[in-house]
Every structure is written in C-alpha cells, then in structure tokens.
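These are the residues of each chain, in order.
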Amino acid sequence: MYSLDTNVFMDWQSRFYPLDLFIQLGNDIEALILRGEWRAVDLVREEIDAVGTPGLRAWAHAHPIVFVPLSPEIQVEAAALRRRIRS
Amino acid sequence: MIVVMRRDTRCNCGMPARVPAMVNPALLGWARDQSGLAPEPVAKRLQVKIEKLLAWEEGETKPTVRQAKALAKLYHRPFGLLFLPQPPMVAPLAAEYRRLPGVQPGAESPELRLALRVMSQRRELALELMEELGSTVPIFQLSAHVASGPEAVGLQLREALGVSDEEQLGWSDSWKALRRWRAAVESVGALVFQFPKVSLSQVRGLSLLDSPLPAIGINSKEMAPGARVFTLLHELVHIALANGKDERSALHEKRDDAAWAEVERFAEEAASAALIPSTLLKPFLDHLNVEPHQWSVELMRSLAGKFRVTPLAMATRLRAVGEMSWNHYRQWKSRWNEFVALLPASTKGFATPVDKTLSRGGRPFTRLVLEAMDANRITSVQACQYLDLRFNHFDALRAELRLGSTRATALADSGE
C-alpha cells in the first residue's frame, strides 16, 4: 500500500503530470485507489485545501475514499517510522 | 515522498469524532508559551475548560485530533511539531530584535511575537536556501555611530542606497517611492518584510539585528506609503547603529528610557536627513520663502509630496534644519493632528494573493524560494507554505517578478 503525503499529489497533478495530459497515469492511480492501495491521512486533504490548485482540490473532494482518519494506530506507526528514520 | 505501509483499506467514511491525538504534552505547553497566549483565551477559543487544557499540557489526558489541530493552528505551528519527542531549543526573541519603546522583552503581545517569529524564520530560511543554492550571502556593511550626528549618518545612508535626487523628484506616486526605497535597502544586504495584524500603537516597524542578513519589518497596517518609507529608513538607521556597536538587541540594551528616547530621536532625524537632504530641500525653501509660523498643513503637504514623504516627516526635517523652532513645530503638529482626525477613514486597497506575498516577503526572499523549488531543494508544498500562497498563483507570481510591475496594489496590503 502507498501512503502519500501532499507533495505526491502536488507533483503529480499540479506540477509534472497533469491529469488531462497523462491520462493513463491517472487511470493507473484510479485502479490503485479502487484496490485500496493508494491512501493518505486526512491531514493531507486539509493541506491540499490550503495550498493546492483548484483542480487538485476538486479531485481530492471527489475522492474521499483516498483519505483515512489519523487513528491512534497510524499515529503510533508514524512516530515509530520517524524514530527509525532519525536513528 | 511515497512510503510503503502495511495493507489497510479503511476509508474516510466514518471518522470517529473523538480520536485521541498522541501528542507530546510538553510540546503543547511549550507551543502555547512561545505564542505568548495565556491559558484562558486558548481554552475559550477551543470551547473547553481551562482545567482541561492544563490537563492536556500536564499529560493527564489527550486532546482529540481535531482539538490538537485547532491548537496547532492557534499557535501557528505545524501539527507535526506537537508530536516531537522534546521541545526545540530556541533563543529568546528579544535577543534578536531591537529595543522597541513600550515593549518589555519577553512580554511581547501574541501578535507581535508571531510577527517576530515569522520574520526570524524567513531570515533563517533565506540563509539556508542561499547555502543550498550556492548563492553568496550579502554582507550588510553600513555602520553608523550616534557621535557622528544624524545629518552625517543620514547622508551616508542615502549615498549607500544610491537613490539620486533626480530619481526621487521624478517618482510619479508614493507607492513607486516605497518600492524603490525598499529595493535600495534590500540591495545593501538587509531583508525587508511587512507584517500584518499588529496594531500601530504597538510598533510601526522593527528590526532583527542579526548578522549576516539583518531584517527590517514594516507594519502593513500603516496605510500611507510615505509613512512606510519613513519607518523603513528609521529601522535602517537602527541596524546601522547596531553594526557600529552603538545599539544592542532588546534583551541586551541597558540604556534607561530617557537615553533610549535620544536614540529614537537620532534615528528619526537621520532617517529624515536621508530622505530629505538639505541640499535638495534648500532650493524649494528659497523658492517658497515661508516664515516659520506660516507653515500651513496644505503647504507642508505640498512640499512633502515633492519628496514622496509624509507631511510629518517633512515637518520633522524642517525642525531639524532650523526652518521651524520646536514651538512652531508643536503648533504645526497640533494643526496636523486636527486635520488627520477629520479625514475620512482610509479605504483599504485591494491586494491580490500575489501582491500580499510580494509585499510581506519581499522580492529577494520570494525569488529564493521559487529558485529553491525549481532546483528541487524544497518541495512545492514547502514553497507554498513559505510564500503563504496557493500553487495555482505561482505563474502569476513569476510573471509579476519578471515584469517588476509597480502597480499601486502591489503594496497595498492592509494587513488583514
């Protein structure tokens, strides 16, 4: 499963691979989403709302399934990951 | 960044209302303390009891994710900071900024603390990005001493800034004047920012006396561009004095209030000497041939307009060069205050998001951030955060930087 931060969405849709040009990439990602393999915590959607382009913001709102709650389990796992990367 | 995690297909179709945030309680207390906010207003904003807020800070209970996010927003900190294992080590703000009349080091208002912190962060970021990009950090070399006298210091600054007499008298409006003076100050190795949301009664301007890359902040609630120019030059004098070891940061400045008032007056007079050199003023005075008691508000406004300064700055200058006595100056100022009190409230100009970014961060800082993003030294999200601008405005921002437009609105950020 891919857990993504805001930069992935920005670089994909707003910077390098716009949806209207890179159609197959968009289709591949839609497939990943349907298989449950393309997810981000809901903080990412808030960040997209704050900095993203109108198109990306609309896409994020049209794909609520992508964004999962920041559950205690995810928080613990993220903290462990952070510790591992720092050490 | 893509991180592979274990398979988990939960969707956002039923977020529990009270998911606890596994934040570090020490960070909650630290972030509130750093923001300068007392527990009461924070608890009120979050609609919880003070006891509950303090229990979070003591680690007795945890806020929900939603509450923790609200706290991070209120303290102007990234949400992730609340999860750090320990609070970051930071120097007191007062070790950086110049002494400000009426501001007690360590007891700054929350709004002022935020303005100072944003300025400090931008300055540090600029240094980091310059290093990342292999750019040369400009050295601020202007150095001034009180003993030299305000006239000499003013002329020294004007010469260093490179604004010619002809150029100054040729500006078609005061916004162009502000933009040119700002660029001139930036060209001598200082950053210039504008900060919103701080009342003018607290500060009109401030400076961070760091080296290299000292920073000047102008309160954008000041509507008149001429007043912003005066503040800019006033702060430049303080930085030059600090560079000459005649001034220290608020934390280390030990002069009593009376002695400090003298320094402030020196900075005022030096700034007005830089903006209105006596050689440039004299022909106008000879032509007008006004007696000291004859200076009306209208006459002063007319003369000030030629130099693109405020009438008050012009009156200060006339007093300094002996055209007005202190008594005449006070009488004129009293008439001026009456005139200002009768003016209709100024209408706030419309500033686009790009205008706000440029006026608050300045062109050199904005260029650095864009360059760092283009060189993949920072992410697009970081660039948006540093510039406080959505990504879809970046094309317009680049166009504005390329064009170097001098539209009035480019600086008409009222700070709201």
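Residues numbered from 1 in each chain as written. Chains lettered and ligands numbered in written order. Predicted model: local features only at pLDDT ≥ 70, side-chain atom pairs only at ≥ 80, totals over all residues.

**Some words on the overall build of chain B**
Working step 1: Along its length, chain B carries 18 helices and four strands.
Working step 2: Taken against the 2.2 N^0.38 rule, which gives 22 Å for 416 residues, the C-alpha radius of gyration of chain B at 24 Å falls within 12% of a compact globule.
Working step 3: For chain B, the spread of C-alpha atoms along the principal axes amounts to about 85 × 45 × 45 Å.
Working step 4: For chain B, with 416 residues in total, the buried portion stands at 39%.
Working step 5: Taking as baseline every contact in chain B between residues at least 6 positions apart, the subset at least 24 positions apart corresponds to 75%. (Helix = DSSP H or I, 4+ residues; strand = E, 2+ residues; numbered from the N terminus. Rg over C-alpha atoms; globule rule 2.2 N^0.38 Å. Buried ≥ 20, exposed ≤ 12 C-beta atoms within 10 Å, placed from the backbone. Contact = placed C-beta atoms within 7 Å.)

**Some details on the sheet that holds strand β2 (residues 191-195) of chain B**
Strand pairs in the sheet, formed through backbone hydrogen bonds, run parallel or antiparallel to each other.
Residues and elements named next belong to chain B.
Working step 1: Judged by pairing direction, the sheet is mixed, and its three strands sit side by side in the order β2-β4-β3 without closing on themselves. Lying at the two open borders of the sheet, with one neighbouring strand each, are β2 and β3 (205-208). Recorded for the sheet is a direction-independent mean angle of 20° between the axes of neighbouring strands.
Working step 2: Across four bridges, the pairing between β3 and strand β4 (residues 215-219) is antiparallel. Bridge pairing links serine 207 to isoleucine 216 in β4. (Pairing = 2+ DSSP bridges. Axes fitted to C-alpha atoms, helices over the stretch in contact; angles between N-to-C directions.)

**Describing the nonpolar core**
Working step 1: Core analysis: the biggest nonpolar cluster contains 118 residues, and Val237, Leu275 and Met314 of chain B have the highest contact counts within it.
Working step 2: No other element matches the eleven residues that helix α9 (residues 225-243) of chain B contributes to this core. (Core = buried A, V, L, I, M, F, W, Y, C linked by C-beta atoms within 7 Å.)

**Re the environment of leucine 56 of chain A**
All names here are of chain A.
Working step 1: Its location among the elements puts leucine 56 in helix α4 (residues 54-62).
Working step 2: Accessibility expressed as a C-beta count within 10 Å gives 23 for leucine 56, which makes it buried.
Working step 3: Taking C-alpha positions, leucine 56 is 7.6 Å from methionine 10, a pair spaced 46 residues apart along the chain.
Working step 4: Contacts of leucine 56, omitting those with residues within four sequence positions, involve Phe9, Met10, Gln13, Ser14 and Ile48.

**What about the packing of α9 of chain B against helix α10 (residues 257-275) of chain B?**
Residue and element names in this part refer to chain B.
Working step 1: Taken N-terminus to C-terminus, the directions of α9 and α10 make an angle of 120°; their axes are 8 Å apart at the nearest point. As judged from the angle between their axes, α9 and α10 are oblique. Note on packing geometry: the crossing formed by α9 with α10 is right-handed. Across the interface between the two elements, Val229, Phe230, Leu233, His234, Val237 and His238 of α9 pack against Ala267, Glu268, Ala270, Ala271, Ala274 and Leu275 of α10. (Parallel < 35°, antiparallel > 145°, perpendicular 65-115°, else oblique. Left-handed = near helix turned anticlockwise from the far one by under 90°.)

**Re the pairing of β2 of chain B**
Residues and elements named next belong to chain B.
Working step 1: Judged by how many residues are buried, β2 sits mostly within the fold: five of five residues are covered.
Working step 2: Here β2 shows a buried face lined by Leu191, Phe193 and Phe195 and a second buried face lined by Val192 and Gln194.
Working step 3: Relative to β4, β2 is paired through five bridges, and the arrangement is parallel. Bridged to glutamine 194 within β4 is isoleucine 218.

**Re the domain arrangement of chain B**
Working step 1: Along its sequence, chain B is carved into domain 1 (25-83), domain 2 (146-275), domain 3 (278-342) and domain 4 (353-411).
Working step 2: Relative placement of domain 1 of chain B and domain 2 of chain B: their C-alpha centres are 37 Å apart. (Domains from an automatic or database assignment.)

**Notes on the confidence of the model for chain B**
All names here are of chain B.
Working step 1: Mean pLDDT over chain B stands at 91; residues scoring 70 or higher make up 92%.
Working step 2: Throughout residues 1-16 the model reports pLDDT below 50, and contacts reaching past four residues in sequence, or to other chains, amount to 26 contacts.
Working step 3: Among the scores for the predicted complex, ipTM is 0.90 and pTM is 0.90. (pLDDT = per-residue confidence, 0-100.)

**Points about the packing of helix α6 (residues 150-161) of chain B against α10 of chain B**
To describe two helices that pack against each other, one gives the angle between their axes and the distance between the axes.
All names here are of chain B.
Working step 1: Viewed as axis vectors pointing N to C, α6 and α10 meet at an angle of 50°, and their least axial separation amounts to 7 Å. The angle between the axes of α6 and α10 places the two elements in the oblique class. Remark: the crossing between α6 and α10 carries right-handed chirality. Residues Pro150, Glu151, Val153, Gly154, Leu155, Leu157 and Arg158 of α6 touch α10, and the partners they reach there are Phe266, Glu269, Ala270, Ala271, Ala273 and Ala274.
Working step 2: Class assignment of the residues belonging to the contact of α6 with α10 gives a composition of nine nonpolar, one polar and three charged. (Nonpolar A, V, L, I, M, F, W, Y, C, P; charged D, E, K, R; others polar.)

**Notes on the pairing of β3 of chain B**
Working step 1: Across the two faces of β3 of chain B the burial is the same, with Gly205 and Ser207 of chain B and Leu206 and Leu208 of chain B all buried.
Working step 2: Once β3 of chain B ends, the chain turns through six residues before running back antiparallel as β4 of chain B, passing leucine 213 of chain B with a positive phi of about 65°.

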